Amino acid sequence: MAMLPNDVFQTELGHVAHTLLTPGPTPIHPDAVRALMRPMLGHMDREVFALNREIQADLRQMYGTAPDTFTALLAGTGSLGMEAGFANLVEPGDTVLVCANGSFGRRMAEMAARAGAQVRVVTAPLGEAIDPADVADQLDGAQLVAVVHGETSTGVLNPVPQIAELVRGSGALLTVDAVTTAGMEPFSMDAWGVDYVYTGAQKCLSAPPGLAPVAVSERAFERFFARRTPNPSWYSDFGGLRDYWVHQTYHHTVPVNLHFAFHAALRAALNEGLETRQRRVQQMGEAIFAALAPLGFSHYVPQPAARLPTVLALRLPEGLDDAGTRTRLRDRGISITGGLGPTAGLIWRLGLMGEAARPEPYRDLMVALQELLD
Ligand code: PLP
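The structure presented is a predicted model; accordingly, all values stated were derived computationally and were not measured.

Draft legend 1. Quick look at the overall build of the protein chain. A tally of helices and strands in the protein chain yields 14 helices and 15 strands. By the compact-globule yardstick of 21 Å for 374 residues, the protein chain fits well, its C-alpha radius of gyration being 21 Å. Dimensions along the principal axes, computed over C-alpha positions, put the protein chain at roughly 65 × 55 × 30 Å. Taking all 374 residues of the protein chain together, the buried fraction comes to 49%.

Written out as structure tokens, the structure reads:
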């Protein structure tokens, strides 16, 4: 079996190599694996604060925002990043417009409702992107608009720049879920006018799960400081996070070793170059599709512009045993993911984020599939 870069390291530790091609988590970047082995330091150590400042600067570069924008790592997964946005920026009775064309958009709507918002939902048929015209129709009176950039459940890329342009003139804040896009797809927080963005460390950056990198605009901070009611979430409170990340005072014990690993993974991404990574995922997606089309796979998302490059959603060939084939792949040390909810049994979702978007692991998959489907 071909080796992923970090498999070499893993086998040294006695583990069996594994080809992880799910839409997250992704194989951990070898630099991040090494960084995890660093001796532990305290969360208030000057070296950790210096590292945090580098992480903050690198996150600004990744999100496309100015040197004074607040960035931080939340100690939790992407869902904590999502929840923190609603907890900090929504007050009971606010109107929140959520673009929900898949599972993660629906999760946003659920969280906004739990934060006490009156939720308006803009939707689209499964496998299609949100139509900005539908957002325009429902925008009046909304205090916040929320949209998932890459809807992992269906492999759809939503038109965030067009939606942002509408929101900019409306007075509403804009929250974007960049969990499957940040670090691998173009993202311009300032140019687009995004007020709050988050991702998950385990996706396009190939760091271990457990951190949600966020960026918060000045406008979002103004809204936060003007709250009439306290933020119900103490843990993800923007003020508390600023205490630690800006003023270097204790808020909670950050997972220092995950910060080491995240720093290394993000540096590796920036050293490779964001545009190079965007080309890499595009080329990998095209090559994989060209190899799988003769076996009967077809694109699930009909509109090419709405296809999310980092999650290749493929309709299964007639008669293919979805669960059985994936189990036999897993027996050979290869993990891929099927559909979610209404797309279960209908599609496969192949992860092309971070270190998964490399030829070697996909060659393993092709060889195994050729044998299994013969
Ligand atoms: N948003 C999107 C688009 C996702 O794909 C995911 C996870 O797959 C999440 C949010 C939630 O992230 P996590 O599972 O890290 O909490």
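On we go.
Draft legend 2. Examining the sheet that holds strand β12 (residues 311-315) more closely. On the basis of which strands lie adjacent, the open sheet formed by 4 strands has the order β11-β12-β15-β14 and antiparallel pairing. Lying at the two open borders of the sheet, with one neighbouring strand each, are β11 (298-299) and β14 (337-338). By the bridge criterion, 2 bridges tie β11 to β12 in an arrangement that is antiparallel. Note that in β12 the partner of S298 across the bridge is R315.

Draft legend 3. Region of interest: the confidence of the model for the protein chain. Taken over all residues, the pLDDT of the protein chain has a mean of 95, while the share at 70 or more is 96%. Our summary of model confidence lists the complex with pTM equal to 0.96 and ipTM equal to 0.99.

Draft legend 4. Summary view of the pairing of strand β15 (residues 347-351). In terms of residue burial, β15 counts as a mostly covered element, since 5 of its 5 residues are buried. The alternating pattern of β15 places I347, R349 and G351 and W348 and L350 on opposite faces, both of which are buried. Pairing analysis gives 2 bridges linking β14 to β15, with the strands arranged antiparallel. Residue pairing in the sheet places G338 in a bridge with W348 of β15.

Draft legend 5. The arrangement of unusual backbone geometry in detail. Residue G24 is joined to P25 through a cis peptide bond whose omega torsion reads 0°. Within the element layout of this structure, P25 appears in the loop between β1 (19-20) and α2 (30-36). If you check the backbone angles, S206 has positive phi at about 55° while not being a glycine. Inspection of the secondary structure assignment puts S206 in the loop between β9 (196-198) and β10 (212-216).

Draft legend 6. Geometry of the packing of helix α4 (residues 78-89) against helix α5 (residues 103-114). Running from amino to carboxyl end, α4 crosses α5 at an angle of 35°, the nearest separation of the two axes being 9 Å. Viewed along their axes, α4 and α5 form a crossing whose handedness is right-handed. Residues M82, E83 and F86 of α4 lie in contact with α5, whose contacting residues are R107, M108, M111 and A112. Looking at side-chain class alone, the contact of α4 with α5 contains 5 nonpolar, no polar and 2 charged residues.

Draft legend 7. Here's a closer look at the sheet that holds strand β4 (residues 118-122). One open sheet holds the 7 strands; their spatial order is β2-β10-β9-β8-β5-β3-β4, and the pairing between them is mixed. Each end of this open sheet is capped by a strand with a single partner; those strands are β2 (70-74) and β4. Strand after strand, the sheet turns through a mean of 15° between neighbouring axes, direction not considered. As paired elements, strand β8 (residues 173-177) and β9 share 3 bridges and run parallel to each other. The partner of V176 across the bridge, within β9, is V197. Where α4 meets the sheet, it contacts β2, β5 (144-148), β8, β9 and β10, and its direction lies at approximately 165° from that of β9.

Draft legend 8. View of the UniProt feature "domain: Aminotransferase class V" (unreviewed entry) in the protein chain. The residues that UniProt annotates with the feature "domain: Aminotransferase class V" (unreviewed entry) are residues 40-339. Spanning residues 40-339, this segment combines 41% helix with 16% strand, and its end C-alpha atoms are found 40 Å apart.

Draft legend 9. Focus on the packing of helix α3 (residues 46-63) against helix α11 (residues 256-272). It is at 10 Å that the axes of α3 and α11 come closest, and there the two elements cross at 40°. Judged by the inter-axis angle, α3 sits oblique to α11. Here α3 and α11 pass one another in a crossing that is left-handed. Listed contacts from α11 to V48, L51, N52, E54, I55, D58, Q61 and M62 of α3 are V256, H259, F262, H263, L266, R267 and L270. Split into classes, the residues belonging to the contact of α3 with α11 amount to 8 nonpolar, 4 polar and 3 charged.

Draft legend 10. Structural context of the environment of A113. With respect to the secondary-structure elements, A113 resides in helix α5. Note on A113: 15 C-beta atoms within 10 Å, which makes it partly exposed. With 19 residues separating them in the primary sequence, A113 and D94 have C-alpha atoms 9.9 Å apart.

Draft legend 11. Just the pairing of β5, in detail. Extensive coverage of β5 is indicated by the burial of 5 of its 5 residues. Residues of β5 alternate between two faces, with L144, A146 and V148 on one and V145 and V147 on the opposite face, all of them buried. Relative to β5, strand β3 (residues 95-99) runs parallel, the two sharing 3 bridges. Following the sheet pairing, V98 is matched in β5 by A146. Looking at chain direction, β5 and β8 are connected through 5 bridges and run parallel. Paired with V145 across the strands is L174, a residue of β8.

Reading the values: the criteria
- What you see as residue numbers is a count from 1 along each chain, following the sequence as written.
- Side-chain atom pairs in this predicted model are given and counted only at pLDDT of 80 or more, local residue features only at pLDDT of at least 70, and totals for whole chains, interfaces and linings cover all residues.
- Helical segments are the DSSP runs of H or I of at least four residues, strand segments are the runs of E of at least two, and each set is numbered from the N terminus.
- Every radius of gyration here is taken over C-alpha atoms, with the globule rule written as 2.2 Å times N^0.38, N being the number of residues.
- The burial label depends on the number of other C-beta atoms within 10 Å of a residue's C-beta. Counts of 20 or more mean buried, 12 or fewer mean exposed, and intermediate counts mean partly exposed, with C-beta atoms placed from the backbone.
- Following DSSP output, two strands are said to pair if at least two bridges run between them.
- A score from 0 to 100, pLDDT tells how confident the predictor is in each residue.
- Every axis in this analysis is a line fitted to C-alpha atoms, fitted for helices over the stretch in contact. Angles between the N-to-C directions lie between 0 and 180 degrees.
- When the near helix sits turned anticlockwise from the far one by under a right angle, the crossing is termed left-handed; a clockwise turn instead gives a right-handed crossing.
- In this description, any two residues whose backbone-derived C-beta atoms lie within 7 Å of each other are considered to be in contact.
- In the scheme used here, Gly and all other residues not listed as nonpolar or charged are polar, with Ala, Val, Leu, Ile, Met, Phe, Trp, Tyr, Cys and Pro taken as nonpolar and Asp, Glu, Lys and Arg as charged.
- UniProt positions are given in the numbering used here, feature names are shortened, and annotations may be inferred rather than shown by experiment.
- Angular relationships are summarised with four words: roughly parallel below 35 degrees, roughly antiparallel beyond 145, roughly perpendicular across 65 to 115, and oblique for the angles in between.

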